[in-house]
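# Notes for the structure review
Take a look at the letters that make up each chain.
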Amino acid sequence: MINKKNKIFLKPAVGAVCAAVISSGAFAGVPAAAFAAESVQPQNTAAVSKKAAVRTSEAEKENESLNKDTGSTGSGSETTDPNTENPDSEKPNTGETPEKKNGLVRENGVTYYYINGVKQFGRQKVNGTWYYFKKKSGAMGHGWVKIKGVKYYFGADGKGYIGRKKVKNTWYYFKKSSGALGRGWVKINGTKYYFNKKGQGVTGFQTISGAKYYFKSSGALGTGWKKVRGKKYYYGPKLFYGRHKINGKYYYFDKKTGAMKTGWVVLNKKKYYYNRNGQQAFGTVRIGKTYYTFDPKKKGALANIVSDAMDTKAQKYSSSTGYLILVNLSSHQVRVYKGAKGNWKKVRTMTCTNGKSSTPTVTGEYTVGNKGLYFDTGTRGRCWYFTQFHGNYLFHSVIYDRSSSPKNIIDGTMGAGASHGCVRLALNNAKWIYNNIPRNTKVVTYR
């Protein structure tokens, strides 16, 4: 019993205990009627009296202990420190609610995703990264997932794959925006890849939309030369067919297989030649023991078959006029060509007399200069239709007398070394050069 500002607190007890306390005078001045409501009529009076005595003794001991703590003497009314908390009073309710779960939460070794305490399911984007949470449990998923017909892949960390990724030794591509499995052509950092209907990156030889391609072991689209079973192919990036220019050289690839061709190729009744490296021949080329000329203006089609070494020699020279003259001093032969370097075609061959050993004809490369109708030589000779090619070295007719027209020959020697250095020709040949060969035409003399 504690008296707090005249307030009385009683621990529950049966009516017999209360009666004993009242009769002892512990609650002097309190009417007995105040306890009437708690009195109990026991069936066994002796048992109840015994129990009441025990409880009275326990109550007195509690009262003594309480008096020691409060400084009370134990007699009369009791006072209590108003600041002392009532041990039997209830703790106040603060009104706070438990904190709601948010974000990725690990529970019993399984990861879940919450938004404001609500567990999320399916495909979710968390801080810019895609994840998948199983529809029934909400647990984070891994591996392949198909959602509305679209496939996705989630790694061991639960993150959705983005870009070109390898899954069990096979390359796949997942779209950057959604992570959905991609198919078809994809360009990554300037390199092209192709992913088939299953989304798998392809390698090796592939036919796509009717065109043939080659993909490296990495899956990257290959370009350039590829040798397969002894045959060469070229991908640019599609497989080449027909005639193509590669690094300045022309090649021909079979129209059915794409294999590089070598040797003779006939197209539209025209002949072309490709050497052992597959490169097309232009100009004059020796094939076996025969020389051939291929016209670069006609895509390298065969122009003519070169008959001898003189024609072959002519092909390496250039001339600014479209004409070229070669003089073989050993065989005493003059040959005129028309065309261009590598494609000279002979138009006239003439026998000549050139300089004797004591007065030889110069050798080298020269150009046509002045021309004249005739000049006189010696005491009675006259040479007709001269064409200069170097200093006093000329093409002209054999020696005639000094008549007003070339009628009487004084020295008609041909096919020998007998002149003073000029190149003598039959009258009609000298006149042809005089009339047809323009100034600055190249003249090559050699032995």
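Details of the structure are given in the entry above.
Residues numbered from 1 in each chain as written. Predicted model: local features only at pLDDT ≥ 70, side-chain atom pairs only at ≥ 80, totals over all residues. Heavy atoms only, no water.

## Let's talk about the sheet that holds strand β5 (residues 118–119)
Stated precisely, the cut-off is as follows: Paired strands are those between which DSSP finds at least two bridges. Every helix listed is a DSSP run of H or I at least four residues long, and every strand listed is a run of E at least two residues long, numbered separately from the N terminus.
Read across the open sheet, the three strands follow the order β3-β4-β5; overall the sheet is antiparallel. Whereas interior strands pair on both sides, the edge strands pair on one side only; in this sheet they are β3 (103–107) and β5. Here β3 pairs with strand β4 (residues 110–115) via five bridges, running antiparallel. Counted as the bridge partner of Val105 is Tyr112 from β4.

## So, unusual backbone geometry
Excluding glycine, most residues fall at negative phi; most peptide bonds, likewise, are trans. To keep things clear, this is the line we draw: Burial classes follow relative accessibility: with a 1.4 Å probe on protein chains only, a residue under 20% of its type's maximum area counts as buried, one over 50% as exposed, and anything between as partly exposed.
Gly236 connects to Pro237 through a cis peptide bond whose omega is -10 degrees. You can see Pro237 is positioned in the loop between β17 (231–235) and β18 (242–246). In this structure, Asn169 takes a positive phi of about 70 degrees despite not being glycine. By secondary structure assignment, the location of Asn169 is in the loop between β10 (163–167) and β11 (170–174). According to the relative accessible area criterion, Asn169 is exposed, its value standing at 70%. A positive phi angle, close to 50 degrees, is found at Arg229, a residue other than glycine. Residue position: Arg229 is located in the loop between β16 (224–228) and β17.

## Some words on the environment of Tyr152
For the record, the criterion: Any pair of residues with heavy atoms lying within 4.5 Å of one another is described as a contacting pair.
Mapped onto the elements, Tyr152 comes out in strand β9 (residues 150–154). Between the C-alpha atom of Tyr152 and that of Trp130, which follows or precedes it by 22 residues, the distance is 9.9 Å. The residues contacting Tyr152, other than those within four sequence positions of it, are Arg123, Gly143, Trp144, Val145, Ile147, Phe174, Ser178, Gly179 and Ala180.

## Digging into the environment of Lys238
Topologically, Lys238 is positioned in the loop between β17 and β18. Excluding its chain neighbours within four sequence positions, the residues that come into contact with Lys238 are Ala211, Lys212 and Tyr213.

## Some words on the nonpolar core
We count it as follows: The nonpolar core is taken to be a set of buried Ala, Val, Leu, Ile, Met, Phe, Trp, Tyr and Cys residues, with the residues joined through side-chain atoms within 4.5 Å.
Counting residues in hydrophobic clusters, the biggest one holds 24 residues, and the most contacted among them are Ile325, Val334, Phe395, Val423, Leu425 and Ile437. Contributions of two or more residues to this core are made by β25 (323–328), β26 (333–338), β31 (381–390), β36 (423–425) and α4 (427–436). Residues within four places of Ile325 in sequence aside, it is in contact with Val334, Arg335, Val336, Phe395, Ile437, Lys442, Val443 and Val444.

## Looking at the packing of aromatic side chains
Inclusion rule: Stacked, edge-to-face and tilted labels apply to pairs of Phe, Tyr and Trp rings (six-membered ring for Trp) whose centres lie within 6.5 Å, assigned for plane angles under 30 degrees, over 60, and everything in between, in that order. Placement of a charge over a ring requires the Lys NZ or Arg CZ to be within 6 Å of the ring centre, with the centre-to-atom vector within 35 degrees of the ring normal.
Inspection of the entire model under this criterion finds 35 aromatic pairs. Taking the centre distance of 5.1 Å and the plane angle of 70 degrees together, the rings of Trp144 and Tyr172 count as edge-to-face. Here Tyr172 lies in strand β11 and Trp144 lies in strand β8 (residues 143–147), a separation of 28 residues in the sequence. Here Trp144 falls in the partly exposed class, since its relative accessible area comes to 34%. Consider the rings of Tyr252 and Tyr274, whose centres lie 6.1 Å apart with planes at 40 degrees: the pair is tilted. In this pair, Tyr252 sits in strand β19 (residues 249–253) while Tyr274 sits in strand β21 (residues 270–274), placing the two residues 22 residues apart along the sequence. Per residue, the accessibility class of Tyr252 equals that of Tyr274, and both read buried. What links up through ring pairs into an aromatic cluster is the set Trp144, Tyr153, Tyr161, Tyr172 and Phe174. Geometry around Trp144 places Lys151 over its ring, the cationic atom sitting 4.7 Å from the centre. Here Lys192 stacks its cationic end above the ring of Trp185, 4.8 Å away from the centre of that ring.

## Topic: the pattern of salt bridges
It is possible for side chains bearing opposite charge to pair when their charged atoms get close. As a reminder, the rule being used: Salt-bridge detection follows one rule: a side-chain nitrogen of Lys or Arg within 4 Å of a carboxyl oxygen of Asp or Glu.
Inspection of the entire model under this criterion finds six salt bridges. For Asp311, the salt bridge is made with Lys346, and the minimal N-O distance between the two is 3.4 Å. One end of the pair, Asp311, is in helix α3 (residues 309–314); the other, Lys346, is in strand β27 (residues 345–351), and 35 residues separate them in sequence. When its relative accessible area of 40% is taken as the criterion, Lys346 is described as partly exposed. One salt bridge connects Glu365 with Lys442, and the closest N-O pair in it is separated by 3.1 Å. Of this pair, Glu365 sits in strand β29 (residues 364–367) while Lys442 sits in strand β37 (residues 442–446); the two residues are 77 residues apart in sequence, bridging distant segments of the chain. Residue classification places Lys442 among the buried positions, given a relative accessible area of 18%. Residues participating in the shared-partner salt-bridge network are Asp311, Arg335 and Lys346.

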